[in-house]
Amino acid sequence: MTQGSGRGVRATREGIEILQERRHSRGWTLQALANQAGVALDTVKRLIKPKNVDRESVRSIVYPLNLQPTDIIDPDEWNGTRSTECYPPEDTRRARICISDRRADSPANRELESDFDLAQQLRLTLLAVGQDVFIAGEEMRQRENWFHRFAEEVEQCDCYVLLLSPQAAVSEVVTEEIRHVWELHHAHNKPAILSIQVGLNVVLNSDLCDHLAKFPSRKWTSADDTAAIVEAIQNLLTNEVIPFTPPPPSREYPTGQVPLASAFYIERPPVESNCYQEILHPGALIRIKAPRQMGKTSLMARVLHRAREHGHHTVCLSFQLASSNVLSNLDKLMQWVCGSVSQNLGLPNQLAEYWDDIFDGNYNSTTYFENYLLAKTTRPLVIGFDEVDRVFAYPDVANDFLGLLRAWYERARYGDQDSWEKLRFVIVHSTEVYIPMNLNQSPFNVGLSIELPEFTQEQVQDLAQRYQLNWTVPQVEQLMRLVGGHPYLVRMAIYQVAAYENVTLEQALSQATTESGCYGDHLRRQLWNLEQYPELATAFSQVVNTNAPVSLRSVLAFKLYSMGLVKLEGNHVTPRCELYLRYFRDR
């Protein structure tokens, strides 16, 4: 075999690592590398799989990286002294495994480095059995555009392994990662997902609980458990069913929904009492709007709980759990809604009987509700729709879906059919509806509208006392000068001081805008969110670098508001709090 042979060549494992490191040092995506090399994106992907690629394409790919072909291809193979026949067939290629490793870097977890040790242990063991391994660790997350690197790697992988240390289990960054992996899995049936509880006292935030609920989980407490975990990973790679172990349950922590029995839920009168009264009326519709992490889901949970206390059926549907494949298609979305409600009510799925291809999703779902779901119960049915904003990304579907909710509301509130009177809604969203809608078809100008306010000074003081902190008024004011009355930001600082004896309020606030401070994970997630949308990042940069309210296009203003980054003041916006102003002005 000679160098001019038509047979392709294949990159070595070490060569792929060299190529990837050189590419990332230049800040190039795979598409950018393909453009620089003048080859198709698929060719670059084949090279790093690794699969056979012709020599001319290899030369083109390594040239802009200032590499030689033999830096990534075995010299014997490149020079024709070894055939690619010594490799296994491409359909038996090494599996690619991504290990998500969230190292401890806060006062709560500086003594918990076992997840880091486990990541390396797993990597070495899996390499020894012929697999490829990529670790998504803290070093990667500190880099600019880190999520692009993560997304590229996980799209190439066959199995995603999430190490759940106490910090990872409540991390906003890890939540975004698993949400992306979850979307990939539902769209392509890969990668396989395995979560590993590292240590004994690991509990998940509510979002992670939702996304990991149907995937297998394992526990790791010592090196003796490593072999069983490697076996579980290999079983997933061969599509063998491994015994299901539910992920650890959620417990109270300053993120996600505040549990119903929590002593740390702060009421904001008269919001709760108004909702509790309204939900008992036939055909009720309550709209709860506020930016992220302001307590919308916690309030909805309490409204649904009040309805259950009065004998109502309740169903909570989070649009965060609907894949983009579902949200982008009206028929699939309405089947998802109908099927989910059936399942929550303990009724058999009758979609096949009631769904007629001649009609659209709105007509079929209306028939399903009227002739099946509402006909099967004598009690009122309250449906909570959480994270409805996700459907706004698909304007045509959103128009039809929201118009349907308005039509159902009209039937339930003013119709002459008793069955529809049993239906009530709670709709939760984070932003204004920026898609054009006929006012007579919108559910956002009827029913009871609730816009959650920030905490008052008295409410912040109350929360601190519940954490057994005897703060003075000046201390409360000091915290609120930095974060205002934002419920999540307030509670995170209070939790940090209450949980760790060696942390004072002054210390927590002095480190607030640093990566190791109590807001480090939250701020990094907000930064990542902005990096996904350059136009949004540019707009927010203008806001934090201008010493006056800024006028933005409505869509940009609403999106920044939904993220909780700005306050709306008429047609202008300002930074929501000093914390965001300081952190983002430096970036």
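Heads up: these notes are all about the structure in this document. Note that this is a predicted model, so its numbers are computed, not measured.

1. Considering the nonpolar core
- One finds Leu479, Ile494, Tyr519, Phe540 and Leu579 to be the most contacted residues of the largest nonpolar core, which totals 53 residues.
- Only helix H21 (457–466), helix H22 (473–483), helix H23 (487–499), helix H24 (505–510), helix H25 (520–531), helix H26 (534–544), helix H27 (554–562) and helix H28 (578–585) provide two or more residues apiece to this core.
- If you tally residues by element for this core, the top one is H23, at eight residues.
- Core analysis: the second largest hydrophobic core is formed by 43 residues, Phe369, Ala412, Leu423 and Ile427 among them.

2. Description of the sheet that holds strand E4 (residues 192–198)
- Across the sheet, five strands lie side by side as E2-E1-E3-E4-E5; this open sheet has parallel pairing. Edge strands, defined here as strands with exactly one partner in the open sheet, are strand E2 (132–136) and strand E5 (217–220). Put simply, the sheet's adjacent strands are angled 20° from each other on average, direction ignored.

3. Considerations on the sheet that holds strand E7 (residues 313–318)
- With parallel pairing, five strands are arranged side by side in an open sheet as E7-E8-E9-E6-E10. This sheet does not close on itself; its edge strands, each paired only once, are E7 and strand E10 (448–451). Geometrically, the sheet is characterised by an average inter-axis angle of 15° between neighbouring strands, direction not taken into account.
- In this sheet, E10 lies alongside strand E6 (residues 285–289) in parallel orientation, the contact comprising four bridges.

4. Quick look at the layout of surface pockets
- Each pocket or cavity is described by its volume, and for the second largest pocket that value is around 530 Å³.
- Counting residues per element, the ones that place at least two in the lining of the second largest pocket are helix H1 (13–25), strand E1 (96–101), helix H7 (114–128), E2, helix H8 (138–141) and helix H9 (146–156).
- Examining the composition of the lining of the second largest pocket, we find that five residues originate from one element, H1, more than from any other.
- Residue composition of the lining of the second largest pocket, grouped by class: eight nonpolar, three polar and twelve charged.

5. What about the pairing of E6?
- The buried fraction of E6 is high, at five of five residues.
- Alternating residues of E6 divide into Leu285, Arg287 and Lys289 and Ile286 and Ile288, and every residue in both groups is buried.
- With five bridges joining them, E6 and strand E9 (residues 423–429) adopt parallel strand pairing. By the bridge assignment, Ile286 is partnered in E9 with Val426.

Calculation criteria
Residues numbered from 1 in each chain as written. Predicted model: local features only at pLDDT ≥ 70, side-chain atom pairs only at ≥ 80, totals over all residues. Heavy atoms only, no water. Core = buried A, V, L, I, M, F, W, Y, C linked by side-chain atoms within 4.5 Å. Buried < 20%, exposed > 50% of the residue type's maximum accessible area, 1.4 Å probe, protein only. Helix = DSSP H or I, 4+ residues; strand = E, 2+ residues; numbered from the N terminus. Pairing = 2+ DSSP bridges. Axes fitted to C-alpha atoms, helices over the stretch in contact; angles between N-to-C directions. 1 Å grid on protein atoms, 1.4 Å probe; cavity = no way out; pocket = protein on both sides within 12 Å on 5 of 7 lines; lining within 4 Å. Points joined across faces, edges and corners; volume = space filled by probe spheres on them. Nonpolar A, V, L, I, M, F, W, Y, C, P; charged D, E, K, R; others polar.

Geometry only, nothing functional implied.
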